[in-house]
Amino acid sequence: MKSKIFSFINIIGLSVGLTCCMLITLYILNETGYDAYQKNADNIYQLGTEFIGLGNFKKLPNTPAGMGETMKAVFPEIEQTTRLAPLYAEDKTLLQYNERSGAPKSFYETS
């Protein structure tokens, strides 16, 4: 009761600290529980694309139109694929990969 300002500062600091701790805990629980409600959630993967050009580097959670079916044909352990959203408005993407011989192959994928 003697130093009300000091007590007020301590109570506010404790409140802010506990609030931050709870928010960080909720964020971690949300991130680690993503898709946990799905059956066989440990077998669900999301394929992304890395864009490198002109000194820029971007990671995006989407891929070209034909990537899912191509991956399914190349890797027999993939059971099912799905697309969540098209990559571009015009849906035309340059797809490049290396064949088993090491030769690069490029083509445009549409639709």
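Predicted model only: the values in this text are computed from it and were never measured.

(A) Region of interest: the overall build of the chain. Counting its secondary structure elements, the chain contains 2 helices and 4 strands. The order of helices and strands in the chain, counted from the N terminus, is α-β-β-α-β-β. Counting only residues that meet the buried cut, the chain has 10% of its 111 residues in that class. Considering only residue pairs separated by 6 or more positions, the chain has 17% of its internal contacts joining residues 24 or more positions apart. With the model as given, the accessible surface of the chain reaches about 10100 Å², and the carbon-plus-sulfur share is 60%.

(B) Looking closely at helix α1 (residues 4-32). A rise of 1.5 Å per residue sets the reference length of α1, with its 29 residues, at 42 Å; its end C-alpha atoms lie 42 Å apart and thus fit the reference within 8%. Along α1, only 0 of the 29 residues are buried, which leaves the element largely exposed.

(C) Broad picture of the layout of surface pockets. Considered as a void within the structure, the largest pocket measures approximately 1200 Å³ in volume. Looking at the largest pocket, it is lined by 25 residues, and the ones nearest its centre are Ile 44, Tyr 45, Gln 80, Thr 81 and Thr 82. In this structure, the second largest pocket encloses a volume near 560 Å³. As for the second largest pocket, its lining consists of 20 residues, and the residues nearest its centre are Met 67, Leu 95, Gln 96, Tyr 97 and Asn 98. Of all the secondary structure elements, the ones that give two or more residues to the lining of the second largest pocket are β1 (49-53), α2 (67-74) and β3 (92-98). The element best represented in the lining of the second largest pocket is β3, accounting for 6 residues.

(D) Expanded view of unusual backbone geometry. Of note in the backbone geometry, Asn 40 takes a positive phi value of approximately 55 degrees without being a glycine. For Asn 40, a relative accessible area of 46% gives the class partly exposed.

(E) Local environment of the pattern of salt bridges. Summed over the entire model, instances satisfying the criterion amount to 1 salt bridge. The shortest N-O distance in the salt bridge between Lys 59 and Glu 50 comes to 3.9 Å. Among the residues examined, Lys 59 registers a relative accessible area of 58% and is labelled exposed.

(F) Looking closely at a nonpolar patch on the surface. A grouping of Ile 5, Phe 8, Ile 9, Ile 12 and Val 16 is seen on the molecular surface, where their side chains present a nonpolar patch of about 520 Å² in accessible area. Structurally, Ile 9 is set in helix α1.

Scoring rules and cut-offs
- Residues numbered from 1 in each chain as written.
- Predicted model: local features only at pLDDT ≥ 70, side-chain atom pairs only at ≥ 80, totals over all residues.
- Heavy atoms only, no water.
- Helix = DSSP H or I, 4+ residues; strand = E, 2+ residues; numbered from the N terminus.
- Buried < 20%, exposed > 50% of the residue type's maximum accessible area, 1.4 Å probe, protein only.
- Contact = heavy atoms within 4.5 Å.
- Areas by Shrake-Rupley, 256 points an atom, 1.4 Å probe, with all protein chains shown as cover.
- Expected span 1.5 Å × (residues − 1).
- 1 Å grid on protein atoms, 1.4 Å probe; cavity = no way out; pocket = protein on both sides within 12 Å on 5 of 7 lines; lining within 4 Å.
- Points joined across faces, edges and corners; volume = space filled by probe spheres on them.
- Salt bridge = Lys/Arg side-chain N within 4 Å of Asp/Glu carboxyl O.
- Patch = residues over 30% accessible without salt bridge, like charges linked within 9 Å, V, L, I, M, F, W, Y side chains within 5 Å.

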